[in-house]
Amino acid sequence: LVLAAFMNAGPGAKFSDAVEYQFKIVPLAGDGKPEDRQKFFRVACSFSIDQRFGCALASPSGEILAEHRSTVGTLPPDAKFRVFAGRRRDPFFIDPTQVVKSRNPATPDAQQGKNSTEFVDVLAIVIEFDRSLIPDQRQYFGVYSEITNKRGNDVVIVDRMGRIEITNLTIGVA
């Protein structure tokens, strides 16, 4: 699982201590649809100001199945549940000029194939876990990520796709 939380991350970029970074893992029926959207496994990660963090894999009932604690930038040892959080090359390819053109054919032609994220770092959370940690025998799962505000009693979704650039770009050209 990979969540790119902050694009154009320079050497001083930090994960926020005001939000929770989450992956939701939804078991799917044979037809590819969730049987119950409210029953999902969840990986939740929180960071402190000094960039120590903890991530936990929880069952739909809230039982903690695995945990990992570390510091940003530290490579995790081999384990059934491990997490890397830190700067890495942006794995995403996007040509914003062509995205805008696809939404507005009147936009003048520009050179195609310009990757605006080439050689750019992102702050990312990368999670690897052994399938045996999820005690659900279904073959397929849907996965999505959210960044939510964790202050106060109200949970506010800050970004559902985990890809801030896409959210900004699609809102900006819609």
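Each remark here, short or long, concerns the structure printed above.
Since the structure is predicted, the reported quantities are computational estimates derived from the model, not experimental observations. (Residues numbered from 1 in each chain as written. Predicted model: local features only at pLDDT ≥ 70, side-chain atom pairs only at ≥ 80, totals over all residues. Heavy atoms only, no water.)

Draft legend 1. Structural view of the overall build of the protein. Each helix and strand counted, the protein has 2 helices and 9 strands in total. In sequence order, the protein lays out its α and β elements as β-β-β-β-β-β-α-β-β-β-α. Here the protein holds 174 residues, and the buried ones make up 39% of them. Expressed as a percentage of contacts within the protein between residues at least 6 apart in sequence, the contacts between residues at least 24 apart total 57%. Total accessible area computed for the protein in this model is approximately 10,400 Å², and 52% of it derives from carbon and sulfur atoms. (Helix = DSSP H or I, 4+ residues; strand = E, 2+ residues; numbered from the N terminus. Buried < 20%, exposed > 50% of the residue type's maximum accessible area, 1.4 Å probe, protein only. Contact = heavy atoms within 4.5 Å. Areas by Shrake-Rupley, 256 points an atom, 1.4 Å probe, with all protein chains shown as cover.)

Draft legend 2. Quick look at the packing of aromatic side chains. As enumerated under the stated definition, the model contains 4 aromatic pairs in all. Taking the centre distance of 5.7 Å and the plane angle of 90° together, the rings of F15 and Y21 count as edge-to-face. According to the relative accessible area criterion, F15 is buried, its value standing at 4%. Y21 gets classed as buried once you look at its relative accessible area, which sits at 5%. Among the aromatic residues, those joined into a cluster by ring pairs are F15, Y21, F47 and F53. (Phe/Tyr/Trp six-rings, centres within 6.5 Å; stacked < 30°, edge-to-face > 60°.)

Draft legend 3. Unusual backbone geometry, seen in detail. The backbone of Q51 sits at a positive phi, close to 70°, despite the residue not being glycine. Relative to the helices and strands, Q51 is located in the loop between β3 (41–47) and β4 (52–58).

Draft legend 4. Looking closely at the nonpolar core. If you look at the biggest cluster of nonpolar residues, it comprises 25 residues, and the most contacted ones within it are Y21, F81 and I125. Elements with a minimum of two residues in this core: β1 (2–7), β2 (19–27), β3, β4, β6 (81–89) and β7 (121–129). Excluding residues within four positions of it along the chain, I125 makes contact with L1, V2, L3, F15, Y21, F23, C45, F47, V83, F84 and A85. (Core = buried A, V, L, I, M, F, W, Y, C linked by side-chain atoms within 4.5 Å.)

Draft legend 5. How the structure looks around the environment of R42. For R42, the location among the structural elements is in strand β3. Taking the C-alpha atoms as reference points, R42 and I25, 17 residues apart in sequence, are found 6.0 Å from one another. In contact with R42, other than residues within four places in its own chain, are E20, Q22, F23, A56, L57 and A58. Looking at R42, its side chain comes within polar contact range of the side chain of E20, at 3.0 Å. (Polar contact = N/O pair within 3.5 Å; in protein donor to acceptor, adjacent residues only side chain to side chain.)

The quantities given are spatial measurements derived from coordinates; they are silent on function.
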